[in-house]
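Chain by chain, the residues run as shown.
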Amino acid sequence: MIVRLGFVAMSLQLENASPSKTMTYASFSKLGDREAGIRKLERIAEENLRSSLRILKHCKASGIQMYRFSSKLIPLATHEELAEWDPFAALKPAFREVGEYADKHGIRVSFHPDHFCVFSTPRPEVLAKSELDLINHVRMLEAMELGEATKCNIHIGGAYGDKAVAGERFVRQFGALPPRLKHRVTLENDDKTFNARETLDAAEQVGVPMVLDIHHHAVNSGDIDDEELYNGLWPRIVRTWDMERGRLGLTDAGQLPPKIHASSPKSLSDPRGHADYLEAEPLLRFLRHAARTSEHVDCMLEAKSKDEALFKLMADFKQLEAEGEGVRVLDGGRVEISAVD
């Protein structure tokens, strides 16, 4: 099985390359000239896009074929006091350049809208804001001219006192979204509420692929044992990606592989928090089981040390390779995994 690994938003190896520079609305509102303030927001967004392009070039040079964009590329993009502002005309060339580079060099990119993008909410105003946030992310992908294989990953949301009802509400409210939005989404299990089985059930009902977060599963596994995870849930998760490739007319499993997230607990007292780096052995154990049924998997690392965590993980994998542990490092961002017996 071939596994590509990627990282999120920031590079700790590049200087002055933050893709998340911002301006608060308090600062914006103090500016005397509203139009000048809007132009400043657009300049900040253009700088964030230039930094994103630099990070993509860093990925290409390092052999990394996965990257998640910052959701903060456009400051105040969905603020209610700036509802009349449409930044995409001014930013179109910068967005297109980012998208062209990712597409040309085969870098799988994505977004992960923030935790307040929740479609299980019982509150109409929160639902409206969630849809607005998703629209903003989809518009950014469209401005990059990237097709529907490029996704935004979300969670189901909160339980609001009744998880079964909240799950049903998610299916109903997410299912009511237009295809333009639904076809851009993957659904991920979370670390407190909706476990892997519940998330997969919802993903199958609304017809979107599921992203398995193995750290979230470790801290919110419910009654799911390893037998069910490896032999029951994982093959079903893979089928959600098979169906999506079929919908998009993709015939090669390597074009849109199943995607997982990996991170390590920050500490014993904070098992849900993400550590700076990643423990290689738990990830390798999962991958060797997945290799029994999958030829390709993409793995997004959610470690706090970003690209440096990825480089350290690759060094750890090289050590495990030398020890005969079923992994072979192919380049700076890919490994080949042997299936467990």
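Quick notes on the rules
- Residues numbered from 1 in each chain as written.
- Predicted model: local features only at pLDDT ≥ 70, side-chain atom pairs only at ≥ 80, totals over all residues.
- Heavy atoms only, no water.
- Helix = DSSP H or I, 4+ residues; strand = E, 2+ residues; numbered from the N terminus.
- Rg over C-alpha atoms; globule rule 2.2 N^0.38 Å.
- Buried < 20%, exposed > 50% of the residue type's maximum accessible area, 1.4 Å probe, protein only.
- Pairing = 2+ DSSP bridges.
- Phe/Tyr/Trp six-rings, centres within 6.5 Å; stacked < 30°, edge-to-face > 60°.
- Patch = residues over 30% accessible without salt bridge, like charges linked within 9 Å, V, L, I, M, F, W, Y side chains within 5 Å.
- Areas by Shrake-Rupley, 256 points an atom, 1.4 Å probe, with all protein chains shown as cover.
- Salt bridge = Lys/Arg side-chain N within 4 Å of Asp/Glu carboxyl O.
- Lys, Arg positive; Asp, Glu negative; His and termini not counted.
- Charge placed at Lys NZ, Arg CZ, Asp CG, Glu CD.
- Axes fitted to C-alpha atoms, helices over the stretch in contact; angles between N-to-C directions.
- Parallel < 35°, antiparallel > 145°, perpendicular 65-115°, else oblique.
- Contact = heavy atoms within 4.5 Å.
- Nonpolar A, V, L, I, M, F, W, Y, C, P; charged D, E, K, R; others polar.
- Core = buried A, V, L, I, M, F, W, Y, C linked by side-chain atoms within 4.5 Å.
- Disulfide = S-S within 2.5 Å.
- Polar contact = N/O pair within 3.5 Å; in protein donor to acceptor, adjacent residues only side chain to side chain.

Chemist: Looking at this structure, I do not really get the overall build of the protein chain. What am I missing?
Modeler: In terms of helices and strands, the protein chain carries eleven helices and ten strands. Relative to the globule expectation of 20 Å for 341 residues, the C-alpha radius of gyration of the protein chain, 20 Å, shows essentially globular dimensions. For the protein chain, the spread of C-alpha atoms along the principal axes amounts to about 65 × 45 × 45 Å. Counting across all 341 residues of the protein chain, residues that qualify as buried make up 51%.

Chemist: Please clarify how the pairing of strand β4 (residues 151–155) should be interpreted in this entry.
Modeler: Remark: a regular strand shows side chains that alternate across the two faces of the sheet. Along β4, four of the five residues are buried, which leaves the element largely enclosed by surrounding structure. Relative to strand β5 (residues 185–188), β4 runs parallel, the two being bridged by four bridges. Within the sheet, the bridge partner assigned to N153 lies in β5 and is T186.

Chemist: Please explain the packing of aromatic side chains as it appears in this structure.
Modeler: Within a pair of aromatic rings, the relevant descriptors are the distance that separates the centres and the angle that separates the planes. Counting across every chain of the model gives nine aromatic pairs. For the ring pair Y230 and F286, a centre distance of 6.0 Å and an interplane angle of 45° mean the geometry is tilted. Here F286 lies in helix α10 (residues 280–290) and Y230 lies in helix α9 (residues 226–248), a separation of 56 residues in the sequence. For the pair shown, Y230 and F286 are each scored as buried. Through a chain of ring-to-ring contacts, three or more aromatic side chains come together here, namely F7, Y67, F69 and F111.

Chemist: How should a negative patch on the surface be read in this particular structure?
Modeler: Where like charges cluster on the molecular surface, the negative patch consists of E97, E100, D103 and E145. With respect to the helices and strands, E100 occurs in helix α3 (residues 88–104).

Chemist: Explanation requested: the packing of helix α2 (residues 34–62) against α3 in the structure shown.
Modeler: The axes of two packed helices give the description: the angle between them and the distance between them. Where α2 meets α3, the axes come as close as 10 Å, and the angle between the chain directions of the two elements is 10°. Classified by the angle between their axes, α2 and α3 sit roughly parallel to one another. Where α2 approaches α3, its residues E42, A45, E46, L49, L53, L56, K57 and K60 are matched on the opposing element by A90, L91, A94, F95, E97, V98, Y101 and A102. Residue classes in the contact of α2 with α3 are distributed as eleven nonpolar, no polar and five charged.

Chemist: Got a minute to help me understand the pairing of strand β1 (residues 2–8) in this structure?
Modeler: Within β1, six of the seven residues are buried, which leaves the element mostly enclosed by the surrounding structure. Alignment of β1 against strand β8 (residues 296–301), held across five bridges, turns out to be parallel. Each bridged residue has a counterpart across the sheet, and for I2 the counterpart in β8 is H296. Relative to strand β10 (residues 334–337), β1 is paired through three bridges, and the arrangement is antiparallel. Bridging across to β10, I2 finds its partner in E336. Where β1 meets strand β2 (residues 66–68), three bridges bridge the pair, whose relative direction is parallel. Bridge pairing in β2 links F7 to Y67.

Chemist: What's the story with the environment of Q13 in this structure? I'm lost.
Modeler: Structurally, Q13 is set in the loop between β1 and α1 (25–29). Judged by its relative accessible area of 45%, Q13 falls in the partly exposed class. In this structure the C-alpha to C-alpha distance between Q13 and H58, which are 45 residues apart in sequence, comes to 9.0 Å. Sequence-distant contacts of Q13, defined by excluding residues within four places in its chain, comprise H58, D307, E308 and F311.

Chemist: What should I look at first to understand the nonpolar core in this one?
Modeler: Soluble, globular proteins show a tendency: their nonpolar side chains are buried together. Counting 94 residues, the largest nonpolar core has L5, F95, L212, L283, F286 and F317 as the members making the most contacts within it. The greatest single-element share of this core, amounting to nine residues, is contributed by α2. Setting aside chain neighbours within four positions, we find F317 in contact with A280, L283, L284, V327, V329 and V335.

Chemist: I'm lost on the pattern of salt bridges in this one. Help?
Modeler: Evaluated as defined, the whole model comprises 23 salt bridges. The shortest N-O distance in the salt bridge between R245 and D242 comes to 2.3 Å. Of this pair, R245 and D242 both sit in helix α9, three residues apart, which is roughly one turn of that helix. Between R334 and D331 there is a salt bridge, with its nearest N and O atoms 2.8 Å apart.

Chemist: What am I meant to see in the state of the cysteines here?
Modeler: Covalent bonding between the sulfur atoms of two cysteines is what defines a disulfide. Counted by the stated rule, this structure contains zero disulfides. Free of any disulfide, C59 has its nearest neighbouring cysteine sulfur in C299, separated by 14 Å. The exposure class assigned to C59 is buried, which follows from its relative accessible area of 0%. Its relative accessible area of 0% is what places C299 among the buried residues.

Chemist: Help me understand the side chain of S11, please; the structure alone is not making it clear to me.
Modeler: Turning to its location among the elements, S11 is positioned in the loop between β1 and α1. From its side chain, S11 meets the backbone nitrogen of Q13 in a polar contact 3.1 Å long. In terms of polar contacts, S11 uses its side chain to reach the side chain of D307, at 2.6 Å. Residues within four places of S11 in sequence aside, it is in contact with I55, H58 and D307.

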